[in-house]
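# Notes for the structure review
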Amino acid sequence: MFRIEQDPHGILITNPRGYSAFTNVFFGGRRRRHAAALAAASGAPPGGRALDIASGPGTLVFALADRVGPGGEVVGIDAAREMVDYAAARSGGRANCRFDHGVAQSLELPDAAFDVVTCTFGMHHIPEADRGRALAEMWRVLRPGGRVLLADMAPAGLHGQLTKRLSRHMDPAAIDIRRYRKALQETGFQDLDYRTIKPSTGVLTGVKPG
């Protein structure tokens, strides 16, 4: 099992090898296929710029990098330095992606810099009092017309029930990503859409008008 630590900025997973092994089992060996489906749902365009918050071992960053191609760029941000180092070592010299240490509620990135911002399996790691700030930061770094994608385990079914039991630190209600629909609307996002991706992943997307 992977190691979980409490931090003032949220819940950190600090042993990336253990977490990678767990997710490989959890997704039935289809983690890369799952990441590719999330990257497609994000709408990241060829040549575009994407930001993945709580990027972990980098699997979604690599899928987004494949989608934007050599003319684009993907930045992965994680609050655990161990994850940043591990993901960077896995990048294999890809020129169109990089990994930085940072937190969702205080991004050290310029305004309107990205076409897409994703945060998957990460919102429940952010302290509840800071989640509104995290959404505001996503809005700030998105270009007009840009898209946000939030995802987490759908609460129904085996995977959702298993996720709820993984850690005593986790807020079970935070796993249902649909709870952020109102907060996204209040932040200014429009055209909100919810769908599920196998296995048992709830995906909520929105658009920054522009």
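Predicted model, so just to flag it, every value in this text is computed and none were measured.

Turning to the pattern of salt bridges, a few remarks are in order. One pass over the full model with this rule turns up 11 salt bridges. For the salt bridge of Glu 73 with Arg 49, the shortest nitrogen-to-oxygen distance reads 2.7 Å. Of this pair, Glu 73 sits in strand 4 (residues 73-78) while Arg 49 is found in strand 3 (residues 49-53), placing the two residues 24 residues apart along the sequence. Under the relative-accessibility criterion, Arg 49 is labelled partly exposed at 22%. A salt bridge links Arg 140 to Asp 111; its shortest N-O distance comes to 2.6 Å. Taken together, the residues span a long stretch of sequence, with Arg 140 in helix 5 (residues 131-141) and Asp 111 in the loop between strand 5 (97-101) and strand 6 (114-120) at a distance of 29 residues. By relative accessible area, Asp 111 is classed as exposed at 52%.

Turning next to helix 1 (residues 16-26). Looking only at helix 1, the buried set comprises Pro 16, Tyr 19, Ser 20, Phe 22, Thr 23 and Phe 26. The arc that holds every buried residue of helix 1, seen down its axis, measures 165°, which confines them to one face. Turned more than 90 degrees off the buried face of helix 1, the exposed positions are Arg 17 and Val 25. Gly 28 sits one or two positions beyond helix 1 and adopts a positive phi of about 60°.

With that out of the way, let us pick up the layout of surface pockets. In this structure, the largest pocket occupies an estimated 150 Å³ of space. Residue lining of the largest pocket: Ser 20, Thr 23, Asn 24, Gly 29, Arg 30, Arg 31, Arg 32, Pro 57, Thr 59, Tyr 86 and Arg 90, and that is the complete set. For the lining of the largest pocket, the element with the highest residue contribution is helix 1, accounting for 3 residues. Of the residues belonging to the lining of the largest pocket, the class tally is 2 nonpolar, 5 polar and 4 charged.

A few words now on empty space enclosed by the protein. Any space left empty among the atoms is revealed by the rolling of a water-sized probe across them. Going through the model one piece at a time under the given rule, you end up with 2 cavities of 30 Å³ or more. Estimated volume of the largest cavity: approximately 390 Å³. Taken together, 31 residues line the largest cavity, and the ones lying closest to its centre are Ala 54, Ser 55, Gly 56, Asp 78 and His 125. Sorting the residues of the lining of the largest cavity by element identifies strand 2 (10-13), helix 1, strand 3, helix 3 (59-68) and strand 4 as the ones contributing at least two each. The dominant element in the lining of the largest cavity, judged by the number of residues it contributes, is strand 2, at 4 residues. Here the residues of the lining of the largest cavity are counted per class, giving 16 nonpolar, 12 polar and 3 charged.

With 4 bridges joining them, strand 1 (residues 4-7) and strand 2 adopt antiparallel strand pairing. Along strand 2, the bridge assignment pairs Asp 7 with Gly 10. Two successive antiparallel strands, strand 1 and strand 2, enclose a turn made up of 2 residues.

To continue, consider the side chain of Asp 52. With respect to the helices and strands, Asp 52 occurs in strand 3. Here Asp 52 is buried and forms no salt bridge, its nearest opposite-charge partner Arg 31 lying at an N-O distance of 7.3 Å. A polar side-chain atom of Asp 52 sits 2.7 Å from a polar atom in the side chain of Thr 118. Excluding residues within four positions of it along the chain, Asp 52 makes contact with Leu 60, Val 61, Leu 64, Val 75, Gly 76, Ile 77, Thr 118 and Cys 119.

The subject of this paragraph is the state of the cysteines. Applying the stated criterion across every chain, the model contains 0 disulfides. No disulfide involves Cys 97; its nearest neighbouring cysteine sulfur is the one of Cys 119, lying 18 Å away. We classify Cys 119 as buried; its relative accessible area is 1%.

On any regular strand, side chains alternate: one points to one face of the sheet, the next to the other face. When you tally the buried positions in strand 4, you get 5 out of 6 residues, the bulk of the element. The β-α-β motif built from strand 3, the intervening helix 3 and the parallel element strand 4 has right-handed crossover chirality. One ladder, built from 5 bridges, connects strand 4 with strand 5; its direction is parallel. Bridge pairing in strand 5 places Val 74 opposite Cys 97.

Rules used in this analysis
- Residues numbered from 1 in each chain as written.
- Predicted model: local features only at pLDDT ≥ 70, side-chain atom pairs only at ≥ 80, totals over all residues.
- Heavy atoms only, no water.
- Salt bridge = Lys/Arg side-chain N within 4 Å of Asp/Glu carboxyl O.
- Helix = DSSP H or I, 4+ residues; strand = E, 2+ residues; numbered from the N terminus.
- Buried < 20%, exposed > 50% of the residue type's maximum accessible area, 1.4 Å probe, protein only.
- Arc of directions from axis to C-beta.
- 1 Å grid on protein atoms, 1.4 Å probe; cavity = no way out; pocket = protein on both sides within 12 Å on 5 of 7 lines; lining within 4 Å.
- Points joined across faces, edges and corners; volume = space filled by probe spheres on them.
- Nonpolar A, V, L, I, M, F, W, Y, C, P; charged D, E, K, R; others polar.
- Pairing = 2+ DSSP bridges.
- Lys, Arg positive; Asp, Glu negative; His and termini not counted.
- Polar contact = N/O pair within 3.5 Å; in protein donor to acceptor, adjacent residues only side chain to side chain.
- Contact = heavy atoms within 4.5 Å.
- Disulfide = S-S within 2.5 Å.
- Right-handed = clockwise from strand over helix to strand, strands pointing away.

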